[in-house]
Amino acid sequence: MQTERMALPQNTHQDFTGTVAGVFLEMSNEKITIYQAIKKRLLKQGTGLALLEAQAASDGIIDPINNKRFPVEEAVKAGLVGSEMKGKLLAAERALNGYQDPYTGQTLSLFQALQKDLIPKPYAVRLMEAQISTGGIIDPVEKCRVVIEDACTLGHFDEKIIADQGEENKVFFDPNSQDKLTFRQLLDKCTVDPDTGLLLLPIGVTLKGLRKGVSITELLASKIIGKELFEDLQQGTTTTEEVMLLETVNDYLEGTGSIAGIADLSSNKIMSIYQAMKEGLLMKGTALILLEAQAATGFIIDPVNNKKLTVDDALRNKLVGPEFHGKLLSAERAVTGYQDPYTGQKISLFQAIAKDLIIKDHGIRLLEAQISTGGIIDPIHSHRLPVDVAYQRGYFDKVMNEILADPNDDTKGFFDPNTNENLTYLQLMGRCFVDLATGLCLLPLKNQPGVDSKNFIDYETKMAFKEVKISVNCGKFMGKTVSLWKLLMSEYFSENQRQDMIRQYREGSLTIKTLTSIIPDFIEHSVKNAEIDFDGLREKVTAQQLLDAEVITKNDFEQLSQGKKTVKDVTEDETVKTYLQGTGCIAGVLLSDSGQIMTIYEARRKNKLMPGTSLILLEAQAATGFIIDPIMNTKYSVAEAVKAKIIGADVHGKLSSAEKAVTGYKDPYTGNTISLFQAMKKNLIVKDHGIRLLEAQIATGGIIDPVNSHRIPVHVAYKRGYFDEEMNQILNDTTDDTKGFFDPNTQENLTCLQLLERCVTDSSTGLCLLPLKAKSSKFSVNEQTKETFQAKTVNVKYGRFTGKNVTLWDVINSEYLCEEKRQELFRLYKNRKITIEQIITIIVTIIEQNAVQHQANLLFQGLRKKVSPWDLVKSQIIDKETYDGLINGKLKQEDVIQMDHVKTYLKGSDCVAGLVLTSTNETMSIYEAQKKCILTPGTALYLLEAQAATGFIIDPLQNKRLTVDEAVKAKLIGPELYEKLLCAEKAVTGYIDPYMGKHISLFEAMKKDLILKQHGIRLLEAQIATGGIIDPLKSCHLPLEVAYMQGYFDEEMNKTLSDPNDDNKGFLDPNTKENLTYLQIIKKCIKDPQTGLLLLPLSGKFETKQTTEITRTDKKIKEEFTKHTLNISAGNYSGRFVNLWELIQSGYFTEEEKSNLIEKYRSKRVTIEEIITTVTTTITKLERQDVSQQTVMGLKKPVSLVKLRNADIIDEKTFKELEEGQKLVQDVVEMDSVKQYLKGTGSVAGILVEPSKEIVSIYQASAKGLLMPGTALLLLEAQAATGFIIDPIRNRHFSVDDAIKEGLIGPELHEKLLQAEQAVTGYTDPCTEETISLSQAIKKEYIEKNHGIRLLEAQIAT
């Protein structure tokens, strides 16, 4: 057995040993420590800490300059790391010295501690990776390293732990690529220091690209920056922030912006593309094309919240629906790159078109969108390119340029829903309007002549403003020539100021020439009079305060003072943000069994937490900043939290006391405000209590300075008397006395930091949540049980206990059992539901199963990966007797494989492998038959998809089974089918659930709408016909009853497949032209006597492609469809005569639907009359479906038209007219009788001052003394309770929260108006947790009667 230290390789990048020792600055050729890189803000704090933890857990803290290693204590003394990191690094160092087993008191290794839930999995995996990279897993008992194979045997490791890494392990932020990486991925980025052999992370100058960082070397090579600017960046005389202000650079890195959403100019309403489709304002085909353009030019855009999201994130945020996920992921590859199946390399959109990997028309549409929004995207380097560079790199050519330069109907890939014209993307953008609040480009709908919204400007005006350049001599643009548009949209102008300037420009009182002189003066005035204040914990914080506290640098301060940087720019720095806002304490709890999130106080109320535990957690919240509502992601002061019912009045006093750790304690002697530590020193609070709060502050970002209202670095806290060395020692040398927090899952006393490490992050809010297992999950073992288990010995045949007689106590507490299983066995034994002998049998079986997983000779080859014998038992493919025979050696692996049913489940039974021509007895592949026009493309595709979805693409001539990638390389299929067959192959390898990031089966993907139902049914039916439903995790077919149990099938789907009709007969018999199930097709096949493969016989004579003219080419089909004109009675074309081709190309049909129609006509499966019937029926059906499914915007959320009909707001006649397309939804919504119920008739919006006729808002009137505060409050409550807070000057409506942000009302009214707003959004019944109305809340006495009646009367009046 090997336990020696592995040698450090010198020359390879793949097999090196070592952790990341330091940082190499490429600009200055300088080596620095990880801690120095954090302080210089070259590394994010989280990444730097994780790298130092990796050092502490493996070799010690490294000094890369002097090539020395130190224990954590000595590293702190030497100044190699700061004392603020000592606690976390000492915790990581335990991976070297071992963890204590809470049951046996023995020393545990890192992996064993993970198995006992003593440390969280992502944290443990990082530290294990660090140990492996430095020579092997550390055995803390033997004080040696063990290579992986032996570590598995000794119970210190399991290779699956590393293999099963998910996104949660990507905690290392690479400052060069700006990607989040795993530890291993970050190691790949490192270089070897030739002097020391240490691994150093190189850091160069990079700018943010579309998906990753872009080096300045790449920008120079791409001709985006010149040599002079490159040298300035290298020498540090110019910053990356200054370069990003250059419009040319910014346009290539970020793009100029795609069509972000939809604007209804008549109502000033903005909505996303997908929402517009859901509301029936856009047809599905039109919406999909616009969303594909967004994905292919960078991001899916949320125009309401002004956010850019990847396709996966857009789905998680419900910005798009799951039915579009696959198509948008495909379009997104125009940004991230397509995989070349021949070389495995990443290629661009144009290269993918050239290799026929995507349909040409589709590719041209995406390419044109890229060019229209800033340039062709280089997916390798993650930015756009000048045209000449795109030519050089093979991402564009003259032929494609000519096609795009001279657009015809075939290349006009976009559709104007207002005029029903086909346009290029650039032409469609030219018809857009631009939102003056965000600068986003929006497609106007229902744009009536004369409608002139002050919130938008037309696209042409924007482009005219972009052409005008102005020299600026102050502020962040100092010394630069910037476009009029960029200056107007900068933070120097509010939305109101922009609107006012545009209004004057439209009226002619301002010209472009006058704007060029006004705008620089305005910026200069703004810079001179700007207040440089940051939001602190309770008060505003000045830049000088942050400089004095060493939170910002002198350079930051100077740039702020000169206006070169804004408060927003500085606050985006992770370190500054931490000192201003903290890193976040435990915000709430997550119930592991249900996934429910609740507040700390609610968890106490529902007996999920003990009162003492909840109070300590709430005090930690109060002492670190705010009481948190994790559901609404809202922070409150203690007083506000009581009012908002986030906490009860019973804890108000204690939490107010804890909150003084933020606001300051009053020194009774001097009257001064003093800090938490100072209050402890003066005995104003109990020492243990104070230590707990102080430790919570340090664990969440740093000690709070209550005088200046922000956190401060430790060394500054020392200077200000807010901390000292003695207290530092107390907090670093944690004992049970200083472990002031309690883990309700393990019953352990912990520090705040340790408890935080056991928490999970809520993906939607970013808040830290304490996961709570079922209340009875932790079982306390009494002494009698322990003695009983110690008295019983167990003979174990595998693992580290091989050949030893060990006690049952040692075995049950070993790493072979997870904590959950251990607790379950203890509990069953206590309740006398299981005997000692049964426990021994269970544990021995578990150890046996674990050992078998690592014995290659016992593993079976599945469809894609190895399958263990125990997985076959669990899947009911083999029985226990067969399993025992394998383990005992009575059966060989070959014996089991030869069992017919086992072979079927592992490999599947035969699918349709190819064709045989009965006239010549010639065998050919499916694709070859398509190429020779023996099979139509549609029929061939379905048969090939069935092959891919059941395991492999089959070569019937060579009798070979190939993956889709291998089949393309072998030219068994063409590149034009690559994308579709890869998608079908996921039925074998698994689909990625975009919500959870996990692999799921075909059926689960259908249930989540990730694939079309009909498509999924076709593939599922093929799997069942060829061996059973495939489990992508175990890589084999399953018996039907097992598929039921695992959620891979259900009764409803079984009924669908058991009773096939024309809708789910997804395959075509090329002989009879019948629609059949896959099983019916298989039954028509014959077996090849030589290969045993199933071949579909084709009768009749077939000529080759060379001698046969294809009767229906694309050109001919278009000509024939154009000749036929239809009179449409519903929807966009109602009352018009439109040719069939134009209708098929309209937004009513997606690309796939168009292709299917054309393919059916090409293969003569349908006549032109049947096509016409299908098209007219589809349009009518869609319009009618739209009405039944369609929603319109109510006061706060969409309301279905069906609900409006049921509430008698829309009568039956109107509803029918909507269904038949005789009326448009927008017209009905604008009817007074409907509008009053959807929007109300209007509350008192503001005040008209006589005789000046000045209009002021209610709040302004109160501030100016025109209204009494009480009167103003009543009027504002009436506004909130009837829909919105109103800005009467700008004619805009806001929620209460948005009104606060806009400065329309003051924060002192926030709470009261939020309560009044519940009259619109609904009150929560605390007994039933249901949403109830204002009237019901009055009846149940949840609100004060007089107050409720006043709000009710306001609603009735409006």
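Residues numbered from 1 in each chain as written. Predicted model: local features only at pLDDT ≥ 70, side-chain atom pairs only at ≥ 80, totals over all residues. Heavy atoms only, no water.

**Quick word on the sheet that holds strand β33 (residues 597-598)**
Taken in spatial order, the 4 strands make up an open sheet running β33-β32-β43-β42, and their pairing is mixed. With partners counted over all chains shown, the strands left at the sheet margins are β33 and β42 (760-761), one partner each. The pairing of strand β32 (residues 586-591) with strand β43 (residues 768-772) spans 5 bridges and is parallel. Residue pairing across strands places Gly588 opposite Leu769, the latter belonging to β43. (Pairing = 2+ DSSP bridges. Helix = DSSP H or I, 4+ residues; strand = E, 2+ residues; numbered from the N terminus.)

**Some points on the sheet that holds strand β1 (residues 20-25)**
With mixed pairing, 4 strands are arranged side by side in an open sheet as β2-β1-β12-β11. Taken across any chain shown, the strands that pair with only one partner, and hence form the sheet edges, are β2 (30-32) and β11 (191-192). Summarising the sheet, β1 and β2 pair through 3 bridges and their orientation is antiparallel. Looking across to β2, one finds that Phe24 is bridged to Lys31.

**Brief notes about the environment of Tyr1323**
For Tyr1323, the location among the structural elements is in strand β68 (residues 1323-1324). We classify Tyr1323 as buried; its relative accessible area is 6%. Separated by 10 residues in sequence, Tyr1323 and Ser1333 place their C-alpha atoms 6.3 Å apart. With near-sequence residues (within four places) excluded, Tyr1323 lies in contact with Gln1315, Gln1318, Glu1330, Thr1331, Ile1332, Ser1333, Leu1334, Ala1337, Ile1343 and Leu1351. (Buried < 20%, exposed > 50% of the residue type's maximum accessible area, 1.4 Å probe, protein only. Contact = heavy atoms within 4.5 Å.)

**Regarding unusual backbone geometry**
Most peptide bonds are trans, and most residues other than glycine sit at a negative phi. Cis geometry is found at the peptide bond from Glu1250 to Pro1251, where omega equals 0 degrees. Secondary-structure assignment places Pro1251 in the loop between β64 (1246-1249) and β65 (1254-1257). The phi torsion at Arg41 lies on the positive side, around 60 degrees, for a residue other than glycine. The topology assignment puts Arg41 in the loop between α1 (34-39) and α2 (45-56). A positive phi angle, near 55 degrees, is found at Asn1291, a position not held by glycine. With respect to the helices and strands, the residue Asn1291 is situated in the loop between β66 (1285-1287) and β67 (1292-1294).

**Observations regarding the pattern of salt bridges**
Taken as a whole and judged by the stated rule, the model has 61 salt bridges. Residue Arg503 is joined to Glu507 by a salt bridge in which the shortest nitrogen-to-oxygen separation is 3.2 Å. Note that Arg503 and Glu507 are positioned in helix α25 (residues 495-507) at a spacing of 4 residues, about one turn of the helix. The residue Lys874 makes a salt bridge to Asp871 at a minimum N-O spacing of 3.8 Å. Remark: Asp871 and Lys874 occur in helix α44 (residues 869-874); sequence separation between them is 3 residues, near one turn of the helix. Exposure remark for Asp871: the relative accessible area of 16% places this residue in the buried category. (Salt bridge = Lys/Arg side-chain N within 4 Å of Asp/Glu carboxyl O.)

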